[in-house]
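Here are the chains, one letter per residue:
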Amino acid sequence: MINKKIFTIILILVLSNCSVGVKNVTLPEIDSVSPEYCSKDGKIKDVAGYIEGVTDGKSWEEVQGELIKENSEDSNQVSIRLQKARALIASCAVVLYGAVPTGSARDLNDINTKNALKDIDMSVPVDSSDKANKWLRNLIKDPDRTMLLALLMNPIDALPCRDFKGKELTDCGVKNTLETTQLMLLREWENAGKTIDETHFAKKEDILSMCPRGYNLPDKESVNQILDLDSEEKLNDYVKDLPDTMSAKNNFSSKKRIYFLYTALHNPAYYIQSESIRRWVIQREDGFNKELSSRYPAYASGKGIRDIEEEGAVFEQYLQAVRHGESFYYRFKYLFRAMDHVDFDIEKKTPELAAFHRLLKKTRPDTLEKSYEQLKNMISAEAGNNEKALIKYKNNFSYSEFRKVVEDSERAQIDALKKFYQERRKDPNSIWPKVCKE
């Protein structure tokens, strides 16, 4: 506890007692940034220096988490100032590269302590994606960790089957979803329990909970050789003989698809499965939704293709969940997304867990024990008065009671996922019989 307080005090002192370069950085209104401000010699470099000076090698979540817990007037001001600095950099991505803020961060002016831990994902036209990311990495080191800011390629360009119709659309969907699922599965299985470049891979027992008899692991001599690519040089060599455009004649292979998969596998901000991209990025943005419907109507309105691609999305969300181990907030954030895909209403079927999750969104504890302690303090402070499902918890509750609710609720969700796949595998286009052993 003493160390945490000292850390917070140091952060606050950065504003008043640190180097002149950091201390005197002026943060203009976010909407006022111009190409000149964002240029190589512009003031945005000072803003990036300010962020790096305050974070001092720590992650955005570490720094903001401590500031939020301190919850003093000074710490809240530091939190807001950091968020504004990050939003200025994001605004420069808009000005210079046509980036579009997506998800919960679509309004860059929406800055307050409740939003301190949210990330900013931005969509960049595919032709500008590489330039934009090089600009960002040159501006600030490890931007995804330092700022939770990611510049992603246009999500519609990441849907490989969007150009097809009829049987070709179905065949493309089956091929892409199966290969992508096998790619994710093989990667997860080979790295089970490890932490690589801050990616925490799931434990084997968690992976097997979806398919207790085991998986049909793919042949590494197939497209999954992509897992061995660790540089752009190797990537370019790998795709040099692949066609530029997908077609049924070339078994729906293309350079662009491999480029996207390579990018997504090396950036945790990307989803890989088409239906995850559609549901959790495109459908949340009116502009993307309209573009998809107008340019690719057969793909946008085809129920069959969505049924196929949803199998992969459910598995992806499940893997995202179990990767987070005991991290209560993130584990259930992604498991709830899997539930959304299978029409499992968490508010009706697991109301207490849903209420726990809402209350803990602000602090995002990383263990079940911390979740319990923070939740107990919040309820004691009447933070959960609007949560009907938590009425019985007002008069105290034990850790074992809390843990039982969490475990029972998770079990109900896993059972719902298994039921989904048992129903889906009856469809002749289902990928699941080729993925999961019976």
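Residues numbered from 1 in each chain as written. Predicted model: local features only at pLDDT ≥ 70, side-chain atom pairs only at ≥ 80, totals over all residues. Heavy atoms only, no water.

1. Some thoughts on helix H5 (residues 60-70)
Of the positions making up H5, those classed as buried are Trp60, Val63, Gln64, Gly65, Glu66, Leu67 and Ile68. Directly beyond the C-terminal end of H5, a positive phi value near 50 degrees is found at asparagine 71. (Buried < 20%, exposed > 50% of the residue type's maximum accessible area, 1.4 Å probe, protein only. Helix = DSSP H or I, 4+ residues; strand = E, 2+ residues; numbered from the N terminus.)

2. Side note on helix H20 (residues 368-380)
Here H20 is 13 residues long and its end C-alpha atoms lie 18 Å apart, about the 18 Å a rise of 1.5 Å per residue gives. Turning to H20, its buried residues number three or more, namely Leu368, Ser371, Tyr372, Gln374, Leu375, Met378 and Ile379. Residues of H20 that are buried in the fold lie against H5, helix H17 (328-341), helix H19 (351-359) and helix H21 (399-424). One or two steps after H20, the chain reaches glutamate 382, where phi turns positive at roughly 65 degrees. (Expected span 1.5 Å × (residues − 1). Contact = heavy atoms within 4.5 Å.)

3. Section: the state of the cysteines
By the definition in use, this model includes three disulfides. One disulfide bridge connects cysteine 161 with cysteine 172, the sulfur atoms lying 2.1 Å from each other. Because the torsion about its S-S bond is -85 degrees, the bridge between cysteine 161 and cysteine 172 counts as left-handed. Highlighted residues: cysteine 161 in the loop between strand E3 (149-153) and helix H9 (166-190) and cysteine 172 in helix H9, separated in sequence by eleven residues. Across the disulfide from cysteine 211 sits cysteine 436; the S-S distance is 2.0 Å. Where cysteine 211 bonds to cysteine 436 through sulfur, the torsion about that S-S bond is close to 105 degrees, and the disulfide is right-handed. Of this pair, cysteine 211 sits in the loop between helix H10 (204-208) and helix H11 (232-239) while cysteine 436 sits in the segment after helix H22 (432-435), placing them 225 residues apart in sequence. (Disulfide = S-S within 2.5 Å.)

4. Describing the packing of helix H16 (residues 303-323) against H21
At their nearest, the axes of H16 and H21 sit 11 Å apart, and the two run at 155 degrees to each other. Between H16 and H21, the interaxial angle falls into the category roughly antiparallel. The way H16 lies across H21 gives a crossing that is left-handed. On H21, the residues touching Asp307, Ile308, Glu311, Val314, Phe315 and Tyr318 of H16 are Ile414, Leu417, Phe420, Tyr421 and Arg424. In terms of residue class, the contact of H16 with H21 is built from eight nonpolar, no polar and three charged. (Axes fitted to C-alpha atoms, helices over the stretch in contact; angles between N-to-C directions. Parallel < 35°, antiparallel > 145°, perpendicular 65-115°, else oblique. Left-handed = near helix turned anticlockwise from the far one by under 90°. Nonpolar A, V, L, I, M, F, W, Y, C, P; charged D, E, K, R; others polar.)

5. Section: the packing of aromatic side chains
This structure, assessed with the given rule, holds 18 aromatic pairs. Aromatic ring contacts, followed pair by pair, group Phe328, Phe332, Phe336, Phe356, Tyr372, Tyr393, Phe397, Tyr399 and Phe402 into a single cluster. In this structure, arginine 81 is placed above the aromatic ring of tyrosine 50, and the distance from its NZ or CZ to the ring centre is 4.9 Å. (Phe/Tyr/Trp six-rings, centres within 6.5 Å; stacked < 30°, edge-to-face > 60°. Lys NZ or Arg CZ within 6 Å of the ring centre and 35° of its normal.)

6. Remarks on the environment of serine 75
For serine 75, the location among the structural elements is in helix H6 (residues 73-97). With relative accessibility at 0%, the residue serine 75 sits in the buried group. Taking the C-alpha atoms as reference, serine 75 lies 9.1 Å from glutamine 64; in sequence the two are eleven residues apart.

7. Some remarks on the sheet that holds E3
Each strand in a sheet pairs with its neighbour through backbone hydrogen bonds, running either in the same direction (parallel) or in the opposite one (antiparallel). Spatially, three strands are ordered E1-E2-E3 in an open sheet, and the strand pairing comes out mixed. Each having just a single partner strand, strand E1 (100-102) and E3 make up the two edges of the open sheet. Sheet twist, expressed as the average angle between the axes of neighbouring strands with direction ignored, equals 35 degrees. One ladder, built from three bridges, connects E1 with strand E2 (residues 120-124); its direction is antiparallel. Pairing of threonine 102 across the sheet is with aspartate 121, part of E2. Sheet strands in contact with H6 are E1, E2 and E3, and its direction is about 5 degrees off that of E2. Those strands touched by helix H7 (residues 129-139) are E2 and E3, and its axis lies near 165 degrees from that of E3. (Pairing = 2+ DSSP bridges.)

8. Things to note about the confidence of the model for the chain
Confidence along the chain averages 89 in pLDDT terms, with 93% of residues attaining 70 or more. Contacts for the low-pLDDT stretch residues 8-21, under 50 throughout, to residues beyond four places or in other chains number 22 contacts. (pLDDT = per-residue confidence, 0-100.)

9. Describing the side chain of threonine 102
Following the sequence through the fold, threonine 102 ends up in strand E1. Assessed through its relative accessible area of 10%, threonine 102 is described here as buried. Aside from chain neighbours lying at most four places away, what touches threonine 102 is Asp121, Met122, Ser123, Glu285 and Phe288.

10. Description of the nonpolar core
Counting residues in hydrophobic clusters, the biggest one holds 90 residues, and the most contacted among them are Tyr215, Phe328, Phe402 and Leu417. No other element matches H17, which puts nine residues into this core. If near-sequence neighbours (up to four positions away) are discounted, phenylalanine 402 is found in contact with Phe328, Phe356, Leu368, Ser371, Tyr372, Leu375 and Phe397. Residues Ile30, Leu67, Leu82 and Leu148 belong to the second largest nonpolar core, which totals 40 residues. (Core = buried A, V, L, I, M, F, W, Y, C linked by side-chain atoms within 4.5 Å.)

11. Concerning the pairing of E3
Along a regular strand, successive side chains alternate from one face of the sheet to the other. E3 sits mainly inside the fold: five of its five residues count as buried. Pairing of E2 with E3 involves five bridges; the strand directions are parallel. Bridge pairing in E3 links aspartate 121 to alanine 150.

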